[in-house]
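Chain residues, written in single-letter form:
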Amino acid sequence: MNGTMPARDQRIVLWLVCAGAVWRWLVAMRTPLPGIDASTDLWLAAQLAAGSWGELAARWTEPGWSLLLAPAIAAGAPPFVAAQVGACLLGALTAWPVACAAERLREGAGVSAAVLAMVAAGPSVAAGTGSAVGCLALVVAFAVWAASCARWRAALALAAIVAIAGGDVLTPSAGSLRTLRLAIGAAFVLSPLAWLAPRPPHLRGLAVVLALVVGGACVGAEPLAWWPVWSPIAAVLAGVGLVRLSSRWRELLLCVAVAAECYGAWQEIEPRPAVAERAIGRFLARRLAPEQEIVSDLPRVLWAAGQRPIVTPTSQLPKAAQATRVGALVLGPAVAESATTTASLAGTFARCDLPPDLTDLVAARGLRVLIRR
């Protein structure tokens, strides 16, 4: 590592990195679909793999995750699987620079910080969905490490990469309570322990950055989805604080944190019926003519059909459906229950006949599939 951590602790952190990769992959195996945020990155990655580099113009500010995935997809890897593997590996590696940074700030803090980074619920769930969160969190972790080494220029440069060349990590369909549960992990709860005396140098700068992230999240619900990206800062602060406690209290708090984070991540995995969004997208892509399009408030349906994952707001659905190129509509549960919206579409669209197995999936998910008359 950086030469200051004992060899025994280095081996422990290495095993924690391996354990983090395995844990994230277990979560990924239960995840039925890419995240809403990841679907846009996967679509762009597939376009780049096919040689359509002109699509970068639409997302020139956030191409990083798509550019990383494009070579694997071009080599024949399924886009979703490639994103999951990459997110699991990069997310697990976050424990390494987190441990180095914590050890720099206070001797003996590296292992505790690595444990918290390994099991963080938000990044673990995001890795299962193929999100860019793991990649961006790794960059943030290296930025924290650079800052702990008093290399602030390098830290600022790495932080700029997160802002400019990352990927979309917002999940507009996720409820604020679910997002809050994933964002506020054990590391955030334990981070105030870092202020136990004596305080190491550079601690104030990290605390200010974390406070700015928390303050930005208080402005609205959507910024909460950015918290997992900055979770390495909380893990470092928590590790620095835990080392000031007795070994008994430190081990107890770490056991509680691991149990809580693993339970939280396992419970927040999207339910299996969500796979209906992918199944219906592929079904309509085969049924419709090549020039016809699908309109939906569910971007993953469009991704599965090979279209750009663009969310059509509920208020604009009737107007968007009037375009002659629109051949089908897929309405999410909230829109499907709106009598006003469905009545306005009844003259142009009829309920689509689906195979029995797909009918059951659609019903379980609460979707409504309409096709042009």
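This is a predicted model, so every value here is computed, not measured.

**Student:** Any chance you could break down the overall build of the chain for me, citing the residues and the numbers?
**Tutor:** Regarding its fold elements, the chain presents 20 helices and four strands. Looking at the chain as a whole, 52% of its 373 residues are labelled buried. Restricting the contact set of the chain to residue pairs at least 6 apart, pairs at least 24 apart contribute 76%. Approximately 16600 Å² of the chain is accessible, and the part contributed by carbon and sulfur atoms is 63%.

**Student:** Provide a residue-level description of the pattern of salt bridges, including the pertinent values.
**Tutor:** Under the definition given, this model contains six salt bridges. The residue Glu-277 makes a salt bridge to Arg-365 at a minimum N-O spacing of 3.0 Å. Placement of the pair is Glu-277 in helix α15 (residues 276-287) and Arg-365 in helix α20 (residues 356-365), with a sequence separation of 88 residues. Residues Glu-293 and Arg-325 are paired through a salt bridge, measuring 3.0 Å at the closest nitrogen-oxygen approach. Placement of the pair is Glu-293 in strand β1 (residues 293-296) and Arg-325 in the loop between α17 (317-321) and β2 (326-331), with a sequence separation of 32 residues. Within this structure, Glu-270, Glu-277, Arg-300 and Arg-365 form a network of salt bridges that share partners.

**Student:** Kindly report on the environment of Ile-310, identifying the contributing residues and their values.
**Tutor:** Following the sequence through the fold, Ile-310 ends up in the loop between α16 (299-304) and α17. Separated by 271 residues in sequence, Ile-310 and Ser-39 have C-alpha atoms that sit 9.8 Å apart. Sequence-distant contacts of Ile-310, that is, excluding residues within four places in its chain, are made with Ser-296 and Leu-302.

**Student:** Describe helix α5 (residues 95-105), naming the residues involved and giving the relevant values.
**Tutor:** For α5, the tally of buried residues reaches nine of eleven residues, placing the bulk of the element in the interior. Within α5 the residues assigned to the buried category are Ala-95, Pro-97, Val-98, Ala-99, Cys-100, Ala-101, Ala-102, Glu-103 and Leu-105.

**Student:** Break down the nonpolar core for me, citing the residues and quoting the values.
**Tutor:** Counting residues in each nonpolar core, the largest one holds 72 residues, and the members touching the most others are Leu-116, Ile-233 and Val-236. The dominant element in this core, judged by the number of residues it contributes, is helix α13 (residues 231-242), at eight residues. With near-sequence residues (within four places) excluded, Leu-116 lies in contact with Ala-186, Ala-187, Leu-190, Ala-235, Ala-238, Gly-239, Leu-242, Leu-254 and Ala-257.

**Student:** Describe a nonpolar patch on the surface, with residues and values.
**Tutor:** Nonpolar side chains collect at one region of the surface, where Val-22, Trp-25, Leu-26, Met-29, Val-81, Val-85, Leu-89 and Trp-266 lie side by side and expose about 720 Å² of accessible area between them. Counting only elements with at least two residues in the nonpolar patch, the list comes to α1 (7-29) and α4 (79-93). Along the chain, Met-29 turns up in helix α1.

**Student:** Run through α1, naming residues and quoting values.
**Tutor:** The terminal C-alpha atoms of α1 lie 34 Å apart, and with 23 residues this matches the ideal 33 Å at 1.5 Å per residue to within 8%. When we look at burial in α1, the residues that qualify are Asp-9, Val-13, Leu-16, Val-17, Gly-20, Ala-21, Trp-23, Arg-24, Val-27 and Ala-28. Structurally, α1 contributes buried residues whose contacts are with α4, α5, α6 (110-119), α7 (121-128) and α14 (247-267).

**Student:** Tell me about the packing of aromatic side chains, residues and numbers included.
**Tutor:** Applying the stated rule across the entire model yields two aromatic pairs. With a centroid separation of 6.0 Å and 25° between ring planes, the pair formed by Trp-23 and Trp-266 is classed as stacked. Taken as a pair, Trp-23 in helix α1 and Trp-266 in helix α14 lie far apart in primary sequence, 243 residues in all. Exposure remark for Trp-23: the relative accessible area of 15% places this residue in the buried category. On the basis of relative accessibility, which here comes to 34%, the residue Trp-266 falls in the partly exposed class.

Rules behind the numbers
- Residues numbered from 1 in each chain as written.
- Predicted model: local features only at pLDDT ≥ 70, side-chain atom pairs only at ≥ 80, totals over all residues.
- Heavy atoms only, no water.
- Helix = DSSP H or I, 4+ residues; strand = E, 2+ residues; numbered from the N terminus.
- Buried < 20%, exposed > 50% of the residue type's maximum accessible area, 1.4 Å probe, protein only.
- Contact = heavy atoms within 4.5 Å.
- Areas by Shrake-Rupley, 256 points an atom, 1.4 Å probe, with all protein chains shown as cover.
- Salt bridge = Lys/Arg side-chain N within 4 Å of Asp/Glu carboxyl O.
- Core = buried A, V, L, I, M, F, W, Y, C linked by side-chain atoms within 4.5 Å.
- Patch = residues over 30% accessible without salt bridge, like charges linked within 9 Å, V, L, I, M, F, W, Y side chains within 5 Å.
- Expected span 1.5 Å × (residues − 1).
- Phe/Tyr/Trp six-rings, centres within 6.5 Å; stacked < 30°, edge-to-face > 60°.

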